[in-house]
Amino acid sequence: MAHISIKNLSKSYKNGQQNAVKNVSLEIEDKEFLVLVGPSGCGKSSILRMVAGLEDVTSGEIFIDDKLVNDVPAKDRNIAMVFQNYALYPHMSVFENMAFGLKLRGYPKPEIEKRVHEAADILGIRKYLDRRPRQLSGGERQRVALGRAIVRKPAVFLFDEPLSNLDAKMRVQMRTEIHKLRMRLQTTFIYVTHDQTEAMTMGDRIVVMKDGIIQQCAEPVFIYDHPKNKFVSSFIGSPPINLLNGRIIKKERKFFFDEGKFQIKLTEDMFTKISSYEGKDVTMGIRSEDIYDKLFAFEASDDNTVRATCEVVEPLGSEVYLYLSSGKHNFIARVGAHDRPEVNREMDLVFDMSKVHFFDVQTEETIV
């Protein structure tokens, strides 16, 4: 168990020409599950490797339980790391892979056997202890990698995109296994992924990164409902948020978003914040689940209704995705399984304007 404090952390490669991490500060609480998420090259893995001691810090400080560890070797940080490619020794058995780190640290044989068997029981891999990694599936290899980390009983677990090599079904299963592991071990987890679904479902807090800079750090649901900027809104959520460009206009003391082909009224509680953008271009974001077929929302006002052409109907069992076009924009609605309109026919859609977001065109920061 450990509290981690990262202060003004930066990392540069190639003689300072490439800034992978730019002045990042984070407080990671004891027993917290923190997820670093963002596109490839955003700096999330560099932060993880600096915490682990596998990368030198260009500037800034890393504290583990109030101890500065910038110059502490990786082996002395009481940290275990699980890698994307499992990093198992192919010539060793599962038991030998899990025991290897303990042998290097001089643990007695009975203690090594005890720890390996305890970890194997937790992960359900005791029957594989005599096998080689090549005899295991991807999910089984990942369990072995987890087991190798567990046997060390570290203060901090670090995960570097551990599920990215698994198929979709196995990723879901392993997410559940890591959840159970976290609850059982009650220690600090830092998890790196580019998959926003993993971030949303696993983290106590998530840190959204872009170009080496933290864009937003908060609980997953808060970020989903209150994105700080356009990038965060589009990166978090599946399918991605619909973004429509238009202009704010005022008619009869009411504000409207004018897309060109349609106009849609803003809610009154938005008027104060949006009034300074009258006559200016903005970007409106609305999530797919906040767009409804008017056939099933017939009491909605015409001021909230948009006419669009349904180009594709994609049934997914419990829900349906509608791919639509209106004016200069394409967007997606996520509706109930019973709602399957005809393709290439116009239909009326209702926008839930209490759920929309507006972004400044220049800064891309959230306005409302």
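Residues numbered from 1 in each chain as written. Predicted model: local features only at pLDDT ≥ 70, side-chain atom pairs only at ≥ 80, totals over all residues. Heavy atoms only, no water.

What follows deals with the overall build of the chain. The number of helices and strands found in the chain is nine helices and 20 strands. Considered along the principal axes of its C-alpha atoms, the chain spans approximately 80 × 45 × 35 Å. Classification of the 368 residues of the chain by burial places 50% in the buried group. Of the accessible surface of the chain, which amounts to about 17,800 Å², a share of 46% is contributed by carbon and sulfur atoms. Computed over 52 positive and 52 negative side-chain charges, the separation of the two mean positions in the chain equals 6 Å. (Helix = DSSP H or I, 4+ residues; strand = E, 2+ residues; numbered from the N terminus. Buried < 20%, exposed > 50% of the residue type's maximum accessible area, 1.4 Å probe, protein only. Areas by Shrake-Rupley, 256 points an atom, 1.4 Å probe, with all protein chains shown as cover. Lys, Arg positive; Asp, Glu negative; His and termini not counted. Charge placed at Lys NZ, Arg CZ, Asp CG, Glu CD.)

This part covers the sheet that holds strand 14 (residues 281-286). Strands belonging to one sheet form pairs held by backbone hydrogen bonds; the direction of such a pair is parallel or antiparallel. Taken in spatial order, the five strands line up as 13-12-11-14-20 in an open sheet, and their pairing is antiparallel. Strands at the two margins of the open sheet, each flanked by one partner only, are strand 13 (263-265) and strand 20 (357-360). In this sheet, neighbouring strand axes are inclined to one another by 40 degrees on average, regardless of whether the strands run parallel or antiparallel. The pairing of strand 11 (residues 242-251) with strand 12 (residues 254-258) spans five bridges and is antiparallel. Its bridge partner being in strand 12, Arg247 is matched across the sheet by Asp258. (Pairing = 2+ DSSP bridges. Axes fitted to C-alpha atoms, helices over the stretch in contact; angles between N-to-C directions.)

In this structure, the amide linkage connecting Ser238 to the following residue, Pro239, adopts the cis form with an omega of -5 degrees. For Pro239, the location among the structural elements is in the loop between helix 8 (230-235) and strand 11. Unusually for a residue other than glycine, Lys153 sits at a positive phi of about 50 degrees. On the secondary structure map, Lys153 appears in the loop between helix 4 (138-150) and strand 7 (156-160). Located in the positive-phi region is Glu161, a residue other than glycine, with phi close to 45 degrees.

According to the stated counting rule, one finds twelve aromatic pairs in the structure shown. Here the aromatic rings of Phe159 and Phe189 are separated by 5.5 Å at their centres, their planes lie at 10 degrees, and the arrangement is stacked. Of the two residues, Phe159 is situated in strand 7 and Phe189 in strand 8 (residues 188-193); the sequence distance between them amounts to 30 residues. Both residues of the pair, Phe159 and Phe189, count as buried. Ring pairing ties together the aromatic residues Phe33, Phe157, Phe159, Phe189 and Tyr191, which thus form one cluster. Taking NZ or CZ as reference, Lys251 lies 4.8 Å from the ring centre of Phe256, over its face. The residue whose ring lies beneath Arg287 is Tyr224, and the NZ or CZ to ring-centre distance is 3.9 Å. (Phe/Tyr/Trp six-rings, centres within 6.5 Å; stacked < 30°, edge-to-face > 60°. Lys NZ or Arg CZ within 6 Å of the ring centre and 35° of its normal.)

With that settled, the discussion passes to the pattern of salt bridges. One pass over the structure, following the stated rule, counts 18 salt bridges. Lys75 serves as the salt-bridge partner of Asp76, at 3.4 Å between the closest nitrogen and oxygen. We note a salt bridge from Asp352 to Lys355, for which the minimum N-O separation is 3.9 Å. A residue is classified by how much of its surface remains accessible, and Asp352, at 17% relative accessible area, is buried. (Salt bridge = Lys/Arg side-chain N within 4 Å of Asp/Glu carboxyl O.)

This next bit is on the pairing of strand 12. The turn linking strand 11 back onto strand 12 is made up of two residues, and Glu252 within it adopts a positive phi angle of 50 degrees. In terms of strand pairing, strand 12 meets strand 13 through three bridges, oriented antiparallel. Each residue of the ladder has a partner; that of Phe257, found in strand 13, is Ile264. Connecting strand 12 to the next strand, strand 13, in antiparallel fashion are four residues, including Gly260 with a positive phi near 120 degrees.

Our focus in this paragraph is the side chain of Asn242. Of note, Asn242 is situated in strand 11. When its relative accessible area of 5% is taken as the criterion, Asn242 is described as buried. A distance of 2.7 Å separates a polar side-chain atom of Asn242 from the backbone nitrogen of Ile332. Excluding residues that lie within four positions of it along the chain, Asn242 makes contacts with Met284, Gly285, Ile286, Arg287, Ser288, Ile291, Phe331 and Ile332. (Polar contact = N/O pair within 3.5 Å; in protein donor to acceptor, adjacent residues only side chain to side chain. Contact = heavy atoms within 4.5 Å.)

As a packed pair, helix 4 and helix 5 (residues 168-185) sit with axes 11 Å apart at the nearest point and diverge in direction by 15 degrees. Accordingly, the angle class assigned to the pair helix 4 and helix 5 is roughly parallel. Between helix 4 and helix 5 lies a crossing whose hand is right-handed. In this structure, helix 4 contributes Gly139, Gln142, Arg143, Leu146 and Ile150 to the contact, and helix 5 contributes Met170, Gln173, Met174, Glu177, Ile178, Leu181 and Leu185. Across the contact of helix 4 with helix 5, the residue classes tally to seven nonpolar, three polar and two charged. (Parallel < 35°, antiparallel > 145°, perpendicular 65-115°, else oblique. Left-handed = near helix turned anticlockwise from the far one by under 90°. Nonpolar A, V, L, I, M, F, W, Y, C, P; charged D, E, K, R; others polar.)

We now examine helix 3 (residues 109-123). With 15 residues, helix 3 extends 21 Å between its outermost C-alpha atoms, agreeing within 8% with the 21 Å of an ideal straight helix rising 1.5 Å per residue. For helix 3, the complete set of buried residues consists of Ile112, Arg115, Val116, Ala119, Ala120 and Leu123. Along the axis of helix 3, the buried residues cluster in a sector spanning 130 degrees; they form a single face. Close packing links the buried residues of helix 3 with helix 2 (94-104) and helix 4. Phi turns positive one or two residues past the end of helix 3, at Gly124, with a value near 70 degrees. (Expected span 1.5 Å × (residues − 1). Arc of directions from axis to C-beta.)

Our focus in this paragraph is the pairing of strand 20. Of the two faces of strand 20, the one carrying His357 and Phe359 and the one carrying Phe358 and Asp360 are both buried. Judged from the four bridges that link them, strand 14 and strand 20 form a sheet pairing that is antiparallel. Residue pairing in the sheet places Thr283 in a bridge with Phe359 of strand 20.

Quick look at the environment of Tyr86 now. Position of Tyr86 among the secondary structure elements: in the loop between strand 6 (79-82) and helix 2. When the C-alpha positions of Tyr86 and Asn165 are compared, they lie 9.5 Å apart, and in sequence the two are 79 residues distant. Contact partners of Tyr86, with chain neighbours within four places excluded, come to Gly138, Arg141, Gln142, Ala145, Arg148, Asn165 and Leu166.

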